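Architecture and fold: a report
Chain residues, written in single-letter form:
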Amino acid sequence: MSTVPSADLPVFTDVLDAAARLRGKAVQTPLLESPLLNDRLGGRLLVKPEMLQRTGSFKFRGAFNRVSLIPEEERRRGVVAFSSGNHAQGVAAAARLLGVPATIVMPSDAPPVKTANTRAWGARVVQYDRWTEDREAIAASLAASSGATLVRPYDDRYVIAGQGTIGIEIADQAAVLGIEADDVLVPAGGGGLVAGVSLALAERLPGLRVHSAEPEGFDDHRRSLEAGARVGNDPAATSFCDALLAPTPGRITFAVNRALLAGGVAVGDDEVCTAMAAAFEYFKLVVEPGGAVALAAVLAGRIPVEGRTVVVVCSGGNVEPALHCEALRRAAAITAG
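Described below are features of the structure shown in this document. Just so you know, these numbers come straight off a predicted model, no measurement behind them. (Residues numbered from 1 in each chain as written. Predicted model: local features only at pLDDT ≥ 70, side-chain atom pairs only at ≥ 80, totals over all residues. Heavy atoms only, no water.)

**Looking at the environment of Val 4**
Here is the rule we go by: Starting at the N terminus, helices and strands are each numbered in turn, a helix being any DSSP run of H or I of at least four residues and a strand any DSSP run of E of at least two. Relative accessibility thresholds used throughout: buried, under 20% of the residue-type maximum; exposed, over 50%; partly exposed, between the two (1.4 Å probe, protein chains only). Only heavy atoms enter the contact rule, under which two residues are in contact if any of them lie within 4.5 Å.
By the secondary structure assignment, Val 4 is in the segment before helix H1 (12–22). Classification of Val 4 by relative accessible area gives buried; the value is 4%. Val 4 has contacts with Leu 9, Arg 251, Ile 252 and Ala 255, leaving out every residue within four places of it along the chain.

See below:
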């Protein structure tokens, strides 16, 4: 982690501080398991359902922690964020709770439910074309012109720390349940969630293996970990996992993940549909495509679960009803052969 200035890197005390700020604000999501799915897998699988979090994804944790740290005298100038949807909603909700104006830069093709919910939380939405325009440049210009604070979706010490509270909860809940997990799988887009979780678990459960999970074509973490340096994705790549389409791992997040992760895995869209259907069947959970990649990796055998105990984070549930139904139909067709 030496290539990133130490002042930019999160430490475990940041995660503890974030947990204190989030107490009473964020939902402590449970660890769920299905005896029937365990029987099918021959091992023990536990799911951390972050679609039950405020705004329907884990993103509220990091957003609230970061916005909470803006000095009072700067809050009136507002916050600016860029996001395909889940960070947008997290920042909008956090800003509303803290009385801070919010402007969110979102792609014009973001899922309508995510755009609508961002506006419903009171944020102003500025749309852009993800294929021809630079969202970071647009957000930076808006922040510079208004004096607002830019709240990045993942490459931020305090955003990562907020996401790390999931790792603390996993450790605490596993202890209560008497569980000794072998592996934890976490979805990765920019890498803030898996960085925060791995940072917390390295302190609380040292030796536990943490893996990133990504859609095929956007498996930049897996390939970067293998290469030992950040690599990007093919600009022509496509996936319906809209929450995980970051072009490359973050500078700060990769510094953390390179040091702490056991590796990364990737799954295809059909495997994601199968996982979305399994979450609905066994846990009665609605999971968005990007939120299902860690579960998909286990069900597809990327990480063995037979005779072992594995925890997966399902990171969000903000999916259009029609897309969710289509994923279930696609999974049924796959099962039928």
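**Some points on the sheet that holds strand E2 (residues 79–82)**
Rule in force here: In this scheme, strands are said to pair when DSSP sees at least two bridges between them. Interaxial angle, 0 to 180 degrees, is taken between N-to-C directions of lines fitted to C-alpha atoms, where a helix line uses only the stretch in contact.
Ordered by their spatial adjacency, four strands build an open sheet running E4-E3-E2-E5, and the pairing between neighbours is parallel. Either end of the sheet is taken by a strand with one partner, and the two such strands are strand E4 (124–128) and strand E5 (149–150). Sheet topology note: the strand E3 (residues 102–107)/E4 ladder contains five bridges and is parallel. Across the sheet, Thr 103 pairs through a bridge with Arg 124, a residue of E4. Across the face of the sheet, helix H5 (residues 86–98) comes into contact with E2 and E3 while running at roughly 165° to E2. This element, helix H7 (residues 135–146), spans E2, E3, E4 and E5 of the sheet and lies at about 175° to E2.

**Some words on the sheet that holds strand E7 (residues 209–215)**
An order of E1-E9-E6-E7-E8 is seen for the five strands of this open sheet, with the pairing classed as parallel. Of all strands in the sheet, those with a lone pairing partner are strand E1 (44–49) and strand E8 (263–267), marking the two edges. Averaged over all pairs of adjacent strands, the angle between their axes in this sheet comes to 25°, without regard to strand direction. Examined bridge by bridge, strand E6 (residues 183–187) and E7 share five bridges and lie parallel to one another. Note on E7: the bridge partner recorded for Asp 183 is Arg 209. Taken strand by strand, helix H9 (residues 192–204) contacts E6, E7 and strand E9 (309–314), and its axis lies near 155° from that of E6.

**Section: the nonpolar core**
What tends to happen in soluble globular proteins is that the nonpolar side chains get buried as a cluster. Just so we agree on the cut-off: By nonpolar core we mean a set of buried residues, namely Ala, Val, Leu, Ile, Met, Phe, Trp, Tyr and Cys, connected to one another through side-chain atoms within 4.5 Å.
Counting 38 residues, the largest nonpolar core has Leu 45, Leu 185, Val 272, Leu 295 and Val 312 as its most contacted members. At the level of elements, helix H2 (35–41), E1, E8, helix H12 (269–283), helix H13 (293–299), E9 and helix H14 (321–336) are the ones that each hand at least two residues to this core. A total of nine residues in this core trace back to one element, the largest contributor, which is H12. In this structure, Leu 295 is in contact with Leu 45, Ala 275, Ala 279, Val 312 and Cys 314, ignoring residues within four places of it in sequence. Residues Ala 26, Ile 70, Val 100 and Val 151 belong to the second largest nonpolar core, which totals 24 residues.

**Observations concerning unusual backbone geometry**
A positive phi angle, close to 70°, is found at Thr 55, a residue other than glycine. Assessed through its relative accessible area of 12%, Thr 55 is described here as buried. Positive phi outside glycine occurs at Lys 284, with the angle close to 60°. Within the secondary structure, Lys 284 sits in the loop between H12 and H13.

**Quick notes on the side chain of Ser 239**
So the rule is basically this: Pairs of N or O atoms within 3.5 Å make up the polar contacts considered here, provided that, within protein, one atom can donate a hydrogen while the other can accept it, and that residues adjacent in sequence are counted only when both atoms are side-chain atoms.
Examined against the element boundaries, Ser 239 turns out to sit in the loop between helix H10 (220–227) and helix H11 (251–260). According to the relative accessible area criterion, Ser 239 is buried, its value standing at 16%. A polar contact is formed between the side chain of Ser 239 and the backbone nitrogen of Cys 241, at a distance of 3.0 Å. Here the side chain of Ser 239 touches Asp 269 through a polar contact of 3.4 Å, side chain to side chain. With residues near it in sequence (within four places) discarded, Ser 239 still touches Pro 215, Phe 218, Leu 245 and Asp 269.

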